[in-house]
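Chain residues, written in single-letter form:
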Amino acid sequence: MLRWEGGRRSALGYGRDIGFRAVGERRCVGARGNPCPLRAVVPGRATQARCPECARLDRAFSVAADGVPDDPRTYRVYLAWFGPGLLKVGITAEERGAVRLLEQGAVAFCWLGRGPLMAARRTEELLRAALGVPDRVPYARKRGERGALPGWAARERELSDLYGLAAGLDGWAEALERVAFEAVDHTEAFGLAAPGGPGAADGSGAARGPGAADAVVRELVDGGTVAGRLVAAAGPDLHLRVAPGEALVVDTRVLVGWELVAADAGAGVSVPVRAVESGGAGGGAEQEGLF
């Protein structure tokens, strides 16, 4: 689902041909529902379409930056799985359910506990300090794993093992209620288990996708086009089949701030791209903290 300025939404179904062209310059989208007073031009490669002033305002009221320590909502601590050995710990408002995990592109996840914000935050910090579990995973690493996912049993086992280690730690916040282990899978929602998707399962139960991504859009440019067939979507990433045997990832965060107009499904790709490195080697912008 893409959400446009003004509130319009576009549903994107797997197997659908899509195409668009960028027009003009990329402009700051403002902060917290307020437009940017300068309508500042922002860099095409940035994953946030905000000028420095609007970015500071947006961050000032972010739970991720501890900008709202007295938030009265109930929070949940989770473990998210993105690939073999690639797990993270995080927190999200309970009222959002699993939306945060879908936004991050978590292939599988489980809950650890629930309680007040600061109790959830302390437990998150405990796992980072005691077990070395990160709270951020670069998107480049996530993309590098999607083309060759192990079967469900392996994903569930890794989550279960880490859950057991976390549950055995001393120092959990007393106000945090523990949640029984139950692993949740997102491969169907993301299209990773569908025929031709990046993680299409083979007969062995492993998932090695014939549509694993070859490249990712680096930025849009005025007049540049992107067109192809949608085969999967995980977090902000759209996986497009752009030619036989060639797949492209469109990080929708780099679309924000641009005026986009429709392009023919056969218009091809005329924007800068970079290779997707297997196993997530290399850098990449880290995820934003959305709550």
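Overview of the structure. Note that residues are indexed from 1 along each chain, following the sequence as it is written. It should be noted that, the model being predicted, local features are given only for residues of pLDDT at least 70 and side-chain atom pairs only at 80 or more, the latter also being counted only at that level, while totals for whole chains, interfaces and linings use all residues. With hydrogens and water set aside, each side-chain value is computed from the structure's full complement of heavy atoms.

This next bit is on the overall build of the chain. A helix here means a DSSP run of H or I that spans at least four residues, while a strand means a run of E at least two residues long, and both kinds are numbered starting from the N terminus. When helices and strands are tallied, the chain shows six helices and 16 strands. Counted over contacts in the chain with a minimum sequence separation of 6, partners at least 24 positions apart contribute 71%. When the accessible surface of the chain is totalled, it reaches about 13,600 Å², and 51% of it is carbon and sulfur. Two residues form a contact once any of their heavy atoms are found within 4.5 Å. Here the Shrake-Rupley method, with its probe set to 1.4 Å, supplies the accessible areas, and only the displayed protein chains count as covering residues.

It is worth spelling out the nonpolar core at this point. For the purposes of this section, nonpolar cores are sets of buried Ala, Val, Leu, Ile, Met, Phe, Trp, Tyr and Cys residues that join through side-chain atoms within 4.5 Å. Here's how the labels work: a residue is buried when its accessible area is under 20% of the maximum for its type, exposed when over 50%, partly exposed in between, all with a 1.4 Å probe on protein chains only. Within the largest apolar cluster, 33 residues are counted, with the highest numbers of intra-cluster contacts made by V77, L79, W81, L112, L127, L159 and L176. Those elements that provide at least two residues to this core are β4 (74-83), β5 (86-93), β6 (108-116), α3 (117-131), α5 (152-167) and β12 (225-234). The leading source of residues in this core is α3, at five residues. Leaving out residues up to four positions away in the same chain, L176 has contacts with V77, G113, R114, G115, A119, A120 and T123.

Among the secondary structure elements, E103 is positioned in helix α2 (residues 99-104). C-alpha of E103 to C-alpha of D237: the two residues are 134 residues apart in sequence and 9.5 Å apart in space. Among the polar contacts made by the side chain of E103, one reaches the side chain of R96 at a distance of 2.6 Å. In protein, a polar contact requires one atom able to donate a hydrogen and another able to accept it; more generally it is a pair of N or O atoms within 3.5 Å, and residues adjacent in sequence count only if both atoms are side-chain atoms.

Now for the state of the cysteines. Disulfide: a pair of cysteine sulfur atoms within 2.5 Å of each other. A full pass over the atoms with the stated rule returns zero disulfides. Among the cysteines around C54, which has no disulfide bond, C51 carries the closest sulfur, lying 3.7 Å off. Taking the relative accessible area as the measure of exposure, C54 reaches 7% and is therefore buried.

Assignment of secondary structure puts R155 in helix α5. When its relative accessible area of 5% is taken as the criterion, R155 is described as buried. Residues within four places of R155 in sequence aside, it is in contact with W81, V107, P150, D185 and T187.

Okay, the side chain of E219 next. In this fold, E219 is placed in the loop between β11 (215-217) and β12. A distance of 3.0 Å separates polar atoms of two side chains, one belonging to E219 and the other to R45. Leaving out residues up to four positions away in the same chain, E219 has contacts with G44, R45, V271 and P272.

Note on aromatic contacts: the rings of Phe and Tyr and the six-membered ring of Trp form a pair at centre separations within 6.5 Å, being stacked when their planes are under 30 degrees apart, edge-to-face when over 60 apart, and tilted otherwise. The tally for this structure, following the rule as stated, stands at two aromatic pairs. The rule is short: NZ of Lys or CZ of Arg within 6 Å of the ring centre and within 35 degrees of the ring normal puts a charge over the ring. Positioned above the aromatic ring of W172 is the side chain of R178, whose terminal nitrogen or guanidinium carbon lies 3.9 Å from the ring centre.

Along β12, nine of the 10 residues are buried, which leaves the element largely enclosed by surrounding structure. Paired strands, as defined in this entry, are two strands with at least two bridges between them according to DSSP. In this sheet, β12 lies alongside strand β3 (residues 17-23) in antiparallel orientation, the contact comprising five bridges. Across the sheet, F20 pairs through a bridge with V226, a residue of β12. Remark: two residues form the turn of the hairpin made by β12 and strand β13 (residues 237-243), two consecutive strands paired antiparallel; G235 in that turn has positive phi of roughly 60°.

With that settled, consider α3. A rise of 1.5 Å per residue sets the reference length of α3, with its 15 residues, at 21 Å; its end C-alpha atoms lie 21 Å apart and thus fit the reference within 8%. Here α3 has its buried residues at L117, A119, A120, R121, T123, E124, L126 and L127. As for α3, its buried residues are in contact with β4, β5, β6 and α5. Of the residues one or two after α3, G132 is the one with positive phi, at around 70°. Helix span is expected to be 1.5 Å times the residue number reduced by one.

This part covers the pairing of strand β14 (residues 246-251). For β14, a buried count of five out of six residues is recorded, marking the element as mostly surrounded by other parts of the structure. As defined by bridge partners, β11 adjoins β14 across two bridges and the pair is classed as parallel. Bridging from a neighbouring strand, A215 pairs with L248 of β14. For β13 and β14, the ladder comprises six bridges, and the chain directions are antiparallel.

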